[in-house]
Amino acid sequence: MSDIILHHYPNSPFAEKIRLILGFKQIAWNSVMIPVIMPKPDLTALTGGYRRTPVMQIGADIYCDTALIADVLERISPSPSLYPDAVTGLARTLSQWADSTLFWTVIAHCMQPAGIQSMFGHLTPEQLKAFSVDRTQMRGNAPRMSPAEATGQLSEYLRRLEDMLSDGKPYLLGQQPTIADFSVYHSLWYVRNAKAVAGILDATPKLMTWLVRMAAFGHHQFEKMSGEQALAIAYESTPAATDGTPFLNTHDVAPGDLVTITPTDYALDPVQGELVLSTANEFAVRRSDERAGTVVVHFPRLGFQLKKA
Ligand SMILES: N[C@@H](CCC(=O)N[C@@H](CS)C(=O)NCC(=O)O)C(=O)O
């Protein structure tokens, strides 16, 4: 049985990014379905409060945010690489743009009435209301874009991406897919699923062909697992050792200090624990939970803030 557990739900774009990376790398995994809105009691028992989707678990190590999850999958299975040497800086930077700017432009484009009808038409008015209240609370004061702005800006972004596929290049940065392809893919996958507003993709035929090429990686093999089973695995496991990893002290903190780690953009739920890792690209805290036992929760440095508790 694979050690990798993905906590996710089917129509989450960021989860689709990771499912497709698992397909690209041919890594077998376990699938735990989590609720689309709060509360998410099994998930937050593992994370200590972080509620975004997806989360990856390996034993008693919990990995938040797809930027870090992709790095961990690369460590586990380096080939085929998401970060080819020749373009690694460019790939990571394009990926960060796609996961933030492109993603929120896509959400604003899809959340116009016709798009909502395509994606959520099957929900009752009460369910739709609960979803909308949850996401409004989650986003807090994060800036919002009108559908008119979003649609106009998305058309321009799509043209720029189409330009990257000139000269018959199969992937955005050349002959091999990189992390940037997976980050752009998940947002465009979401547009394609919002059928009433997916026509925007018709103007960029190379991008459509690329979408089909990317989708062919599939999700590889997975088995269903319950949230309870995942919690039991965390409880029975010991977090991977972190001793010996050089500690990068940027916040006047020492290993073992009680800190909180919180996203800087939305869903600002702090996770509190003892700091066990602070590297150029990662923070991790150790915490204990009645149901999950002692776990280490990992975050990327980019997009998160560390504070002494
Ligand atoms: N930067 C995060 C973004 C994750 C994210 O925003 N996921 C969306 C779903 S695609 C989410 O969490 N929505 C609220 C929820 O699922 O509770 C990542 O890369 O993992």
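Residues numbered from 1 in each chain as written. Predicted model: local features only at pLDDT ≥ 70, side-chain atom pairs only at ≥ 80, totals over all residues.

What follows deals with helix α10 (residues 227–236). For α10, the full list of buried residues reads Gly227, Ala230, Leu231, Ile233 and Ala234. Each buried residue of α10 sits inside an arc of 155° when the element is viewed along its axis, so together they form one side. Away from its buried face by more than 90 degrees, α10 exposes Glu228 and Glu236. Structurally, α10 contributes buried residues whose contacts are with β1 (4–8), β2 (29–33), α2 (41–47), β3 (55–58) and β9 (293–300). (Buried ≥ 20, exposed ≤ 12 C-beta atoms within 10 Å, placed from the backbone. Helix = DSSP H or I, 4+ residues; strand = E, 2+ residues; numbered from the N terminus. Arc of directions from axis to C-beta. Contact = placed C-beta atoms within 7 Å.)

Here β1 runs beside β3; their pairing, made up of four bridges, is antiparallel. Its bridge partner lying in β3, Ile5 is registered against Gln57. Where β3 lies against strand β4 (residues 61–64), four bridges are found, and the strand directions are antiparallel. The partner of Ile58 across the bridge, within β4, is Asp61. (Pairing = 2+ DSSP bridges.)

Turning our eyes to something else, we now look at the site of the ligand. In the vicinity of the ligand, the contacting residues are Ser12, Pro13, Phe14, Arg51, Arg52, Thr53, Asp65, Thr66, Ala67, Asp99 and Met138. If you list the elements that add at least two residues to the shell around the ligand, you get α1 (13–25) and α3 (66–76). (Near = placed C-beta within 6 Å.)

What follows covers the domain arrangement of the chain. Split into domains, the chain comes out as domain 1 (4–79 + 222–308) and domain 2 (85–215). Here the C-alpha centre of domain 2 lies 24 Å away from the C-alpha centre of domain 1. In this assembly, 17 residues from domain 1 lie in contact with 19 residues from domain 2. Listed by contribution, the elements that provide at least two residues to the side of domain 1 that touches domain 2 are α1 and α3. Tallying contributions element by element places α1 first for the side of domain 1 that touches domain 2, with seven residues. Taken together, the residues of the side of domain 1 that touches domain 2 sort by class into 13 nonpolar, one polar and three charged. (Domains from an automatic or database assignment. Nonpolar A, V, L, I, M, F, W, Y, C, P; charged D, E, K, R; others polar.)

We now examine the nonpolar core. Counting 73 residues, the largest nonpolar core has Ile21, Leu46 and Val285 as its most contacted members. Two domains each put at least three residues into this core: domain 1 (4–79 + 222–308) and domain 2 (85–215). (Core = buried A, V, L, I, M, F, W, Y, C linked by C-beta atoms within 7 Å.)

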